[in-house]
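Report on the structure
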Amino acid sequence: MNLPTTFNDLIEEANSLQLYKKLIKQLNKDFLFANIDLDFEEEILPTSLKLMLHETVYRLIQEKFAEYLNLLYIIDVPEKQVKALNGNDTVQLAEEVSFLILKREWQKVWFKNKYS
């Protein structure tokens, strides 16, 4: 499996495989499991998804760092990838972490679809 390198590539691939709604469901499931109050509508536009996820990650980094770390653990975002990011600009960091979250969730959805 080749992981998408941009947000648009990820959304394009999810739509082409008709797995966008499953991606949203997986996000909702993991955010609920992490006890973070965020519930995406299944019909959410990709641009809104990106914005809401970015804002939420930013808020978690700024105000609820323990919950942020717990979310990354639950979603299983590789620690090595997070540590490789530049943390000087929190807005940029939140955007990059949001994409890492989406990529990991996409992996889960893709593998479930492929092997079940």
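Before going into details, it helps to say that this report is about the structure given with it. All figures in this text were calculated on a predicted structure; none of them were measured in a lab.

About the cut-offs
Throughout this document, residue positions are counted from 1 along each chain, in the order its sequence is written. Confidence filtering applies because this is a predicted model: local features only for residues at pLDDT of at least 70, side-chain atom pairs given and counted only at 80 or more, and all residues used for totals across whole chains, interfaces and linings. Only hydrogens and water are removed before side-chain values are computed, so all heavy atoms of the structure are retained for them. Salt bridges, as used here, are contacts in which a Lys or Arg side-chain nitrogen is within 4 Å of a carboxyl oxygen on Asp or Glu. Secondary structure is summarised from DSSP: a helix means a run of H or I of at least four residues, a strand means a run of E of at least two, and numbering begins at the N terminus for each. Only protein chains enter the accessibility calculation, which uses a 1.4 Å probe; a residue is then buried when its area is under 20% of its type maximum, exposed when over 50%, and partly exposed in between. In this analysis, two residues are considered to be in contact whenever any of their non-hydrogen atoms come within 4.5 Å of each other. Pairs were defined over the aromatic rings of Phe, Tyr and Trp, the Trp ring being its six-membered one, requiring ring centres within 6.5 Å. Orientation was assigned from the angle between planes: stacked under 30 degrees, edge-to-face over 60, tilted for the rest. Each direction from the helix axis to a C-beta atom contributes to the arc, which is the arc of those directions. An axis is simply a line fitted to the C-alpha atoms; with a helix, the fit covers only the stretch in contact. Between two such axes, the angle follows the N-to-C directions and lies from 0 to 180 degrees. Small angles under 35 degrees read as roughly parallel and large ones over 145 as roughly antiparallel, with 65 to 115 read as roughly perpendicular and the rest as oblique. Whether a crossing is left-handed or right-handed is set by the direction in which the near helix is turned from the far one by less than a right angle, anticlockwise for left-handed and clockwise for right-handed. Three categories are distinguished: nonpolar for Ala, Val, Leu, Ile, Met, Phe, Trp, Tyr, Cys and Pro, charged for Asp, Glu, Lys and Arg, and polar for the others, with Gly belonging to the last. Here, the term nonpolar core denotes a set of buried Ala, Val, Leu, Ile, Met, Phe, Trp, Tyr and Cys residues that are joined through side-chain atoms within 4.5 Å.

Let's shift gears to the pattern of salt bridges. Taken as a whole and assessed by the stated rule, the structure comprises 6 salt bridges. Glu42 serves as the salt-bridge partner of Lys25, at 4.0 Å between the closest nitrogen and oxygen. Of the two residues, Lys25 sits in helix 2 (residues 20-33) while Glu42 sits in the loop between helix 2 and helix 3 (46-63), which places them 17 residues apart along the sequence. A relative accessible area of 34% places Glu42 in the partly exposed class. Each of Asp30, Glu105 and Lys108 takes part in a single network of salt bridges with overlapping partners.

Let's shift gears to the environment of Leu27. With respect to the helices and strands, Leu27 occurs in helix 2. For Leu27 and Ile75, which are 48 residues apart along the polypeptide, the C-alpha to C-alpha distance reads 8.6 Å. Excluding residues that lie within four positions of it along the chain, Leu27 makes contacts with Phe40, Leu49, Ile101, Leu102 and Glu105.

This next bit is on the side chain of Asn28. Structurally, Asn28 can be placed in helix 2. Residue Asn28 is classed as buried on the basis of its relative accessible area, which comes to 13%. Beyond its immediate stretch of four places on either side in the chain, Asn28 contacts Leu38, Asp39 and Phe40.

What follows deals with the packing of aromatic side chains. Counting across every chain of the model gives 4 aromatic pairs. Three or more aromatic residues joined by ring pairs make a cluster, and in this case those are Trp110, Phe111 and Tyr115.

Moving on, we come to helix 4 (residues 65-75). For helix 4, the set of buried residues is Tyr68, Leu71, Leu72, Ile74 and Ile75. Angularly, the buried residues of helix 4 cover 165° about the axis, an arc narrow enough to put them on a single face. Projecting away from the buried face of helix 4 at angles above 90 degrees are the exposed residues Ala66 and Tyr73. Where helix 4 is buried, its residues contact helix 2, helix 3, helix 5 (79-83) and helix 6 (90-115).

In contact at an axis separation of 11 Å, helix 1 (residues 7-16) and helix 6 are set at 20° when each is read in the N-to-C sense. Between helix 1 and helix 6, the crossing angle belongs to the class labelled roughly parallel. Considering how the two elements wind past one another, helix 1 and helix 6 form a crossing that is left-handed. On the side of helix 1, the interface is formed by Phe7, Leu10, Glu13 and Ala14, while helix 6 contributes Phe99, Leu102, Lys103, Trp106 and Trp110. Here the residues of the contact of helix 1 with helix 6 sort into 7 nonpolar, no polar and 2 charged.

Turning our attention to the nonpolar core. Ranked by internal contacts, the top residues of the largest apolar core, which has 37 residues, are Leu49 and Ile101. Counting residues per element, the ones that place at least two in this core are helix 1, helix 2, helix 3, helix 4 and helix 6. Excluding anything up to four places from it in sequence, Leu49 contacts Ile11, Tyr20, Ile24, Leu27, Phe40, Ile44 and Leu102.

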